[in-house]
Every structure is written in C-alpha cells, then in structure tokens.
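Coordinates in review
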Amino acid sequence: MKNRRYLTVGGLVAAVAIFLLINTAGRPLFRFARLDLTQNKVHTLSKGTVHILETLQDPVKIQLYWSAGVAKDMTSLKLFSQRVLDLLEEYSSVAGGKLTLEVIDPEPFSEAEDDAVRYGLQGVPTGSSGETLYFGIVGFGKNGKHQVIPFLQPARESFLEFDLSRMVYSLDHPEKTKVGLLSALPLTGGSSPRNPFSMEPPWIIVDQLQRQYDLKVLPKDEEEIPDDIGVLMVVYPQGLGKRSLYAIDQFVLRGGHALVFVDPMSELMAAQGPAEGSTSGYAPNRLLGAWGVKLTPGKVVGDMAAAQRVSYQGRFRTQVIDYLPWLAVRGNMLNRNEVVTGQIDQLNLASAGSLTPTKDAGTKFVPLVQSTSQAMLLDRKQLSFPPDPKRLIADFKPAGKPFTLAARISGPATTAFPDGPPPPEKKDKARKEGQKKAKEKKQLLQSKGPINVIVIADTDLLQDRFWVTIQDFFGRRIAIPNAGNADFAINALDQLSGSSDLISIRSRGTSSRPFTLVEKIRREAERKYRAKEQELTAKLDKTERKLNELQGKRKDAESAKLTPEQQKEIDKFRQEKVDIRKDLRVVQYQLRRNIERLETMLKFINIALVPILVALGSIIVWFIRRKRNMGFPA
Amino acid sequence: MKRMASIYRREMASYFSTPLAYVFVIIFLVLTGTFTFYLGGFFPRGQADLQPFFTWHPWLYLFLAPALGMRLWAEERKTGTIELIMTLPVSMMEAVLGKFLAAWSMIAISLGLTFPIWITVNILGRPDNGVIAAGYVGSLLMAGAYLSISAFFSALTRNQVIAFVISVVGCFAFLLSGFPIVQDFFRPWLPSAVVEMLGSLGFLQHFDTITKGILDLRDIIYFLTFIALWLLAGAWAVDRCKN
C-alpha cells in the first residue's frame, strides 16, 4: 500500500468542504449545462420563446414574489419555485440584458408584502402559524404597464413557459388584438335558461380569450361589425338573425379574418329541447357556401377509433362504453403541418359535423382536423335524448374515409346575399339608426382580396365540461385543461391575427401517452361482442313480451292461479330468460378477458421470466463447475 | 488503473463464484417487477411511461445497496483477507474504487436485466424513450450514491449485519433529507441556512429532476462528488482499521 498521506481526518474535512462548495455555491456555475432528453424537448426553451426574447423592443422587468421563509417546510413547492427561478434566469440570459429579474421575499408586514397585495398577487395562508405565502410574478413593460400572474400553480407546471412567454410578449406588445365575439350560445354567462333567477358564470374559454385579446362581445343581433375588430369569432351562426349573417358576410368580404364555429348539433341547445338548433331556418350553409364550404346537414361524425369512454346507465348495470359522437382527437387526426394544430396534443369534440369543399369552390380548403377512416356519419336523430351508445356501436359501419371536422379556408369569395341585404326585422325599432348606417355602406358582392376563415364543425368543444377541470383554490377558480380546446381556439385566433411566436410554445403540457395496444384490443373486442349483445338483448325483450302476452291472454287474468299448461310455458320462457342473461354475462366477461390476459402475461414476463432464466443460468453454471470439481462453496 | 482492474476482476469473480450474484439479481428483478405492477399500478394506470417503475427505486436501493455493500470490507476484515489486500502493490483509492465499481456493476447488470419492462412499455404504447433513458441513468447514479455510503460503513466494522443496519440508516437519512421530518430534526440546533443546505443535498431532489428527462450537469456532479466523498471516507476507514 502506498500514498495514503491524504487519508487523514484533516483530508476528509477538506474533502467535505470541497463537496459542499461544489454543490451549493458552485451550482450557479453549471446552471445551463443540461441535456434535455425528452422527445418534445419539454424542458428546453422553445423557438417561439427564444424569438420573443431576442426581439424584445423595450426593457422588461420581472419581479418574482416568493415567500421563501414561509415555505421552508413545503418541499414540493420549493422544488417548483426553483424550477421557476431557473427558467426565469434562462429567460434573462437569452434576452441579453433586455429582461431583468428581481426575486423578492415579501416577509410578513414588510413593504414588499404591501406591494404584493397592491399588484394583486394572491396570498395563501399556510400551516398553523397562519403566515401568508406569496408565489407570483409581476412583469413591468414600458410606461410602467404591468401584468400579473397572481399565483404560480404547480399543477400548471407544464404551461409555465407559455404563461411566462405570454406575459413577456404582451408586455412588449401592449396593444392587444381586438377580437369580436358574436355568439348565439351563452358564452358570456348571464341568466340560466333553466332557471331565470340564477346567473351562470362565463365559460372558461371567454376568460382565456380576455387574457389574450381585447375581447369585444357583440350583441346577438349585431348588424354591423365595427371596423376596429381585427378578428371575428362567430359561434353557432344558426342561432343568429339574417342581418347578423349579412354583417359577417360583409366583414369577411371586406378582408376581415373570421373564426367560425358551426355545428350540426349543439349538445347545449339540444339539451334544452329537440326543437332548438334549427331555429332561424338559416342553415350555416348559406354563409359557408359562399366561402366554398359545405356542412353536411343533420349528420354527426361518429368515430370508432377516437370515441371517448363514457359511463352509461345500461339495461342491467352502469357500463363504461365508447360513445361514438364524442371524439378525443389525437395524433395524426390533427394536421401536423399547420401552426394551429401542429402542437395540440388532444382535442375533445362532441357531436361534430363533416365539412367538405363545394364543387365550384374558388377557395383553398385545408383540413385542420380530420376523423380517422374508422368513422361514419350518424343521423342527428339517433342522438336525440337519451342516446343509446350500444346501438350506435352495433349499427356502426365505417365509411372507410376520414371526415374533415375543421378547415382553414382562403382565397377569393363572393357574397352569400346576391339579392342584396336582407330586410330589417320589423319589430325592431330601436335599431333604426343602425339600419341607416347599413344602408349607407355599399354591399360588397366580391371579396376585396383573398378571404381568411377557419371553420370548425363543432361548438361544444368550447363548453367547459369538454376540456377543462375547474379547481377551487382558496376561492379562486383555477382552470386545469385536460385537452387543448382553448389552445386550439387561441391558436386559430393568433394565426388569423398574425402573431405566430406564441403558437410554437403552447400546449406542450397535456402529454398523455396511453397504452395504444390495450385500447386497440379493447375496441376490437368491444366491436365483436357488442353486436352479439345487441342481438341477445333483443331476444330477451321478445321473450319478456311473450311472457307478458301469455299473462294477459288469460281470461281470469286477476287469478293468481295458473293452468298447468300455462305454467309450463312460463317456466320454459323463464328458463330461456335465465339462459340469455347468463349468455350476456359471458359476453360482458369476455370483453374484459383479453385485456386481463395481457396484463397477467406482462406481469409474468416482467416479474418472473428473467429471474427464472437467471436461476436456470446459475444452475447450469453450478453443474459445469461441479463437473470441474469447483462447486459453490457452502 | 491496471491494478484497480485486477481488484475489480477479483471482486466480480467472487460474486459469480458464489450464488450471491444470482440471488441478488433475482431479488432485485422480482422486487422491481412486483413494485411496478402492484404498488405502482403500472397496468391500470394505462400510461406508456416508466414512472411507476422508477418511483420505487430510491426505496429499493435503500435495502438492496446496503445488502450488496455490507460485505465489501466487513467480510475482508472478518476473514482476514484484508491483510492480503494491504500487501498488494495497489493504492488505497484503487482498492476502494475497484471494489466499489464491482458492486456498482452488479447493480448495473440487475438494472440492465429489467429491459423487458422497457420492451413492454414500447409494445403497449409510444413512450418517451429519452425520459426512460434518463431514468436509467439517474437510477444508476443514485444506486452508486447508496453503495458508496454502504461501502464506508462496511469498512467501519467487521460485522456485516451491523454494517447493513447502519448503512440503511445512513442511506435513509440522505433519502429523506429533503423531507420535513429530517429538517425538523436538525432545525433546533442548526442555523436555518445549514438546514436548507442539508435539504438540497438529499437524493430525491436530484433523482426526480433526472427522471423527468433532464440530465442536468448539477445533478450529475452532485452524485459523482457524493460518491467520491464517501469512497474517500471509506478509504480512510479501511486505512484507519489497519493502523
């Protein structure tokens, strides 16, 4: 043994000191040396962020309010705060001096805490001591304009970069795009249709739009779209009057960009009554037709490969079953080459329609969202309440081709009102002034340049329940998206309003990677057995009917006594009923069996197979050694 | 280097000439598999990633690494073969490192033999293989950290059971040091800055970052310096007992 001089207590103490120095004080030195191994580079600043930071025009100051002292026992929040700080420091280094960062600990009763309250940060009372914890961001742009993230939610960690970049971007571009919202659905809340005395809150989507844009809600009977509107968002044009449709038509022909949500069946309206949904008689096709698009009327797209699982109260028990018209749109169903859909992970649609270009269309039709080819058109009536998901699956016949659910349309177009503007509604006197204005403006018959419109054949995707979970966080509504529906709408508005940097950052969060194989097995099994189940149920219905008939046919129906002959018949039927029910149970059991078998096999392979092989290997080695008289020592 | 390699080979041969290596690998595989499928709910969770697999590694190593590390020096001391090593023309660091690397290789082999789970998840869905690769790297680095602690305690005693128990306690402290339970223990008698620092020196924080798919130089440096420090301490302990 040689050179052991350093192996002294003093040497060890020095080593500990070096270790601590490297891993505490030295940490900032290695801050940006890291390798992001994730497929989508989730932890690396995206190009959009880098571009926003590099092209900052005016200095931006970011203040991070973080109650480090109060949070000393909160390990996970501390970890998250570190992540936020790392990210902000990276921002600052990319922006090269244009972005300054300040970390403030708003201790209780300090001036900093007053500032935090003044800027509207959310304080959260913690633990037994009841101290207030702040964890938010205030950003300052030019002219002292500021933006606030009241509380940084760990649950929104995957949207962190987007939230920060959006803040920086909007500080640098304080003038927001003016978006007009013309909707026949109650997006902005208001009195409830079911109970006129209660008020409904606005949909989350409106809240999201308001954060991003200067959102102007136009009245439902708007007859003239104001000139300062940059992008017009139209929801459910079926519910709008002719004059409003005319206004939309003229707005688009004038060169205004529009995002239009049409729907062959709005679940919201359908729930209010079967007559709803075709109110004005003006089908959206009049408007769409002028742009070279057609919505297949009265038909809803059902997709076997993208159907969502729903809980369904069946005849015998509650089942979880695929509901064909509710789609979880993923993967290649979204056009990956388009900025609007390129980054979206999942889109939830409910009873969406099919869009096709018209034969004589002069416009370009680019599908953004398509169904799989395992899809068919369902009749709207089949979905009238209550729908029968089992029957839909039993009757399913794939069309073998995908249907387009959303599309981008550009090119020259003509007016949908060649016979001039529709006459004003008679009863509406208060609008006289508006009519005059409309008359003054000359009707455009042809678009001035190419039109730019995005059409989505579903309105339900905007409803909260299809894309977002709302959590109550100390009295504040926190929205946690489980699908990219809002991102989709915002991407579309962004593209139509021209800012594309933010699009590349958005929606990298909901990265669900389901077991595709299991889903495939499940769908195959389900399709195979569902038809059989349907057949058996019908048989059971028939048997029961017969049994009832037999009971009713008796002259002395009130008598509880049965003739031996009848008794025999009834017994026979009852036996049949028992048998059929048994068959049904077998069918339902088989549905689960393949998947259970797969699970058992995987468990065996992953828990036992390799150990068994290793054990066998060791026995073989042992034999060989014993032959050589070298067995394992005891 | 050559001399270290010969120590390494001697150690590896001793693993495989006894049932020890096989038993260790089998226990490791059975436990990881069982934990992944039963405690981690791998299948009902329905997500094509290896999170339920890696989540349990810190807790598995808590017992498996000391089980492997306890014999590193304690056995040599008990059987007296440590005298033999001392007479060899190798430096103390080479001897310590060679033995440590052999034990680390055992864990690497065991970890490598979990490949069916990687194949499984790729058949079931489309996982992010970059994150999985990072998870394996992180797991191996963390196993090294556990082992280095065990090697140190093994050098302190000639009784393997004692070495095992102390190692588990030592590893447990570093596993939990980011948790309030350990911080509360230190808080009354240490300044809060030191407590904060102790918290950031725990395993979990660094392991978590790596399993998210980020190979951060800071985390890698942490694990490597951690291993180096405990190996140095181990060398010191071996040297001390000899004197």
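Anything mentioned here points back to the structure above.
Residues numbered from 1 in each chain as written. Chains lettered and ligands numbered in written order. Predicted model: local features only at pLDDT ≥ 70, side-chain atom pairs only at ≥ 80, totals over all residues. Heavy atoms only, no water.

**Details of the overall build of chain A**
- Looking only at helices and strands, chain A features 14 helices and 24 strands.
- By the burial criterion, 48% of the 634 residues in chain A qualify as buried.
- Within chain A, residue pairs in contact and separated by at least 24 positions form 76% of the contacts whose partners lie at least 6 positions apart.
- Taken as a whole, chain A presents about 31400 Å² of accessible surface, with 54% of it coming from carbon and sulfur. (Helix = DSSP H or I, 4+ residues; strand = E, 2+ residues; numbered from the N terminus. Buried < 20%, exposed > 50% of the residue type's maximum accessible area, 1.4 Å probe, protein only. Contact = heavy atoms within 4.5 Å. Areas by Shrake-Rupley, 256 points an atom, 1.4 Å probe, with all protein chains shown as cover.)

**Description of unusual backbone geometry**
All names here are of chain A.
- Residues other than glycine seldom take positive phi values, yet Phe-109 does so here, at roughly 65°.
- Relative to the assigned elements, Phe-109 resides in the loop between β3 (99-104) and α4 (111-118).
- On the basis of relative accessibility, which here comes to 82%, the residue Phe-109 falls in the exposed class.
- The backbone of Tyr-236 shows a phi angle near 60°, a positive value even though the residue is not glycine.
- Counting through the fold element by element, Tyr-236 comes out in the loop between β11 (231-235) and α7 (242-253).

**With respect to the interface of chain B and chain A**
- At the interface, 71 residues of chain B touch 59 residues of chain A.
- Both faces considered, chain B and chain A share a buried interface measuring about 6000 Å² in area, 66% of it formed by carbon and sulfur atoms.
- Considering only the side of chain B, the residues that lose the most area to chain A are Phe-43, Leu-124 and Arg-218 of chain B, jointly responsible for 13% of the buried surface there.
- Linking chain B to chain A there are one salt bridge. (Buried area = accessible area lost by both parts, 1.4 Å probe. Salt bridge = Lys/Arg side-chain N within 4 Å of Asp/Glu carboxyl O.)

**Regarding a positive patch on the surface**
Residues and elements named next belong to chain A.
- Side chains of Lys-539, Lys-542, Arg-545, Lys-546, Lys-568 and Lys-572 sit close together on the surface and give a patch of like positive charge.
- At the level of elements, α13 (516-553) and α14 (564-627) are the ones that each hand at least two residues to the positive patch.
- Here the element with the most residues in the positive patch is α13; it accounts for four residues.
- Examined against the element boundaries, Lys-568 turns out to sit in helix α14. (Patch = residues over 30% accessible without salt bridge, like charges linked within 9 Å, V, L, I, M, F, W, Y side chains within 5 Å. Lys, Arg positive; Asp, Glu negative; His and termini not counted. Charge placed at Lys NZ, Arg CZ, Asp CG, Glu CD.)

**Considering the sheet that holds strand β16 (residues 318-330) of chain A**
Residues and elements named next belong to chain A.
- Read from one edge of the open sheet, three strands run β15-β16-β17, paired in antiparallel fashion. Here the strands that pair on one side only, and so sit at the sheet edges, are β15 (307-313) and β17 (346-350). This sheet shows a mean twist of 45° between the axes of neighbouring strands, independent of strand direction. (Pairing = 2+ DSSP bridges. Axes fitted to C-alpha atoms, helices over the stretch in contact; angles between N-to-C directions.)

**Re the pairing of strand β12 (residues 257-261) of chain A**
All names here are of chain A.
- Counting buried residues along β12, four of its five residues qualify, which places the element largely inside the surrounding structure.
- Alignment of β11 against β12, held across five bridges, turns out to be parallel. Following the sheet pairing, Val-231 is matched in β12 by His-257.
- Following the backbone out of β11, through α7 and into the adjacent parallel β12, one traces a crossover that is right-handed.
- Inspection of the sheet shows β12 paired to strand β22 (residues 451-456) by four bridges, in the parallel sense. In the strand pairing of β22, Ala-258 is matched with Val-453. (Right-handed = clockwise from strand over helix to strand, strands pointing away.)

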